[in-house]
Every structure is written in structure tokens, then in C-alpha cells.
Amino acid sequence: LFYHMLQSRALIDFHNYKISRDIFVIVVIGGCFLMSVVHIAMDIFLPPHAGVQRLTNICTVYLVPCAIFFGLYDSASDVERHFVPLTKFYEENPLHAKVHLGASELYLEEELKSASVKARQHTRS
């Protein structure tokens with residue numbers, strides 16, 4: 001969508017998503033992870049107690065992949081970071097980029113969302 005809009009002389013300013021501000025993600029993913037940690041804690045503190053080999057297995061098979069998932073999820077949720085920067089666009093053909101970007105307009109993500117909702121409602125009626 002970003003590159004299609006760029007070809008149409010429109011620049012999109014996406015809302016910067018932070019996983020720490022998303023209550024739904026914190027409740028669902030964090031809650032599930034918390035319940036799994038409680039389950040592991042029960043395995044450790046209640047009889048029959050988990051041995052060192054079991055704890056090592058839990059760390060390598062579950063906790064390490066969860067930590068990697070949280071890191072990758074946070075990284076992947078930053079949409080703007082994954083776009084080709086405008087400097088790269090400018091580097092390919094400076095004259096074309098200067099003319100193209102000079103004639104482009106900036107749109108906020110919220111503006112595009114509301115316009116698409118209105119267009120969808122208009123086509124349905």
C-alpha cells in the first residue's frame with residue numbers, strides 16, 4: 001500500500017505502534033505467557049519438584065523461544081522501519097525523485113482509514 005501510494009504521489013504517515021501501549025496485546029499475549037510461567041512455577045515449587053534437567057529443558061524449549069518471539073514481535077510491529085527509506089528512493093534517480101516527491105502530498109493513516117470506511121459505506125449503499 002505504501003509503495004502504491006508513493007507511485008500515486010501520496011506519502012503515508014503511519015501511526016507509530018508500540019506494543020507497550022496496546023492493552024489488548026498485553027492482556028492476551030502477556031496473560032497467556034503469565035499463565036504458562038505460573039504453570040512452570042507450580043512445577044518447580046509443588047511436589048513432585050522438577051529436577052535440574054527438567055528446568056534446563058523448560059528454559060531451552062520454552063522460555064528462550066518466548067523471549068525471541070517477544071523481541072521479534074516488537075520489531076515486526078514497527079511498520080515504518082521496514083520500508084525503503086526515501087533517501088534510497090532519491091538515490092536511484094535524484095531528478096525524478098525531486099520532482100515526484102515535490103508534487104506528493106502527505107496523508108495521515110487516520111485520514112486514509114476514515115476515507116476508506118466512507119468509500120466502503122458508499123459502495124454498499
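Residues numbered from 1 in each chain as written. Predicted model: local features only at pLDDT ≥ 70, side-chain atom pairs only at ≥ 80, totals over all residues. Heavy atoms only, no water.

## Considering a nonpolar patch on the surface
Part 1: A surface patch of nonpolar side chains, about 630 Å² in accessible area, is lined by Leu34, Met35, Val38, Met42, Phe45 and Leu46.
Part 2: One can find Met42 in helix 2 (residues 23-45). (Patch = residues over 30% accessible without salt bridge, like charges linked within 9 Å, V, L, I, M, F, W, Y side chains within 5 Å. Areas by Shrake-Rupley, 256 points an atom, 1.4 Å probe, with all protein chains shown as cover. Salt bridge = Lys/Arg side-chain N within 4 Å of Asp/Glu carboxyl O. Helix = DSSP H or I, 4+ residues; strand = E, 2+ residues; numbered from the N terminus.)

## Quick look at the pattern of salt bridges
Part 1: Enumeration according to the criterion identifies two salt bridges in this entry.
Part 2: The salt bridge involving Arg54 is made with Asp43; its shortest N-O contact spans 3.0 Å. Within this pair, whereas Arg54 is found in helix 3 (residues 52-76), its partner Asp43 is found in helix 2, the two being separated by eleven residues in sequence.
Part 3: In this structure, Glu109 engages Lys113 in a salt bridge whose closest nitrogen and oxygen atoms are separated by 3.9 Å. Taken as a pair, Glu109 and Lys113 lie in helix 6 (residues 109-124) at a separation of four residues, close to a single helical turn.
Part 4: In this structure Lys113 comes out as partly exposed when scored by relative accessible area, which is 49%. (Buried < 20%, exposed > 50% of the residue type's maximum accessible area, 1.4 Å probe, protein only.)

## Re the nonpolar core
Part 1: Formed by Phe2, Met5, Ala10, Ile12, Phe14 and Phe83, the largest nonpolar core amounts to six residues.
Part 2: Listed by contribution, the elements that provide at least two residues to this core are helix 1 (2-7) and strand 1 (10-13). (Core = buried A, V, L, I, M, F, W, Y, C linked by side-chain atoms within 4.5 Å.)

## Regarding the packing of helix 2 against helix 3
For any two helices packed against each other, one specifies the inter-axial angle together with the distance between the axes.
Part 1: Contact pair helix 2 / helix 3: the axes reach a minimum separation of 12 Å and the direction vectors enclose 170 degrees. Between helix 2 and helix 3, the angle falls in the class roughly antiparallel. Counting all contacts with helix 2, which are made through Val25, Ile29, Phe33, Ser36, Ile40, Asp43 and Ile44, the residues of helix 3 involved are Arg54, Leu55, Ile58, Tyr62, Leu63, Cys66, Phe69, Phe70 and Tyr73.
Part 2: Classifying every residue of the contact of helix 2 with helix 3 gives 13 nonpolar, one polar and two charged. (Axes fitted to C-alpha atoms, helices over the stretch in contact; angles between N-to-C directions. Parallel < 35°, antiparallel > 145°, perpendicular 65-115°, else oblique. Contact = heavy atoms within 4.5 Å. Nonpolar A, V, L, I, M, F, W, Y, C, P; charged D, E, K, R; others polar.)

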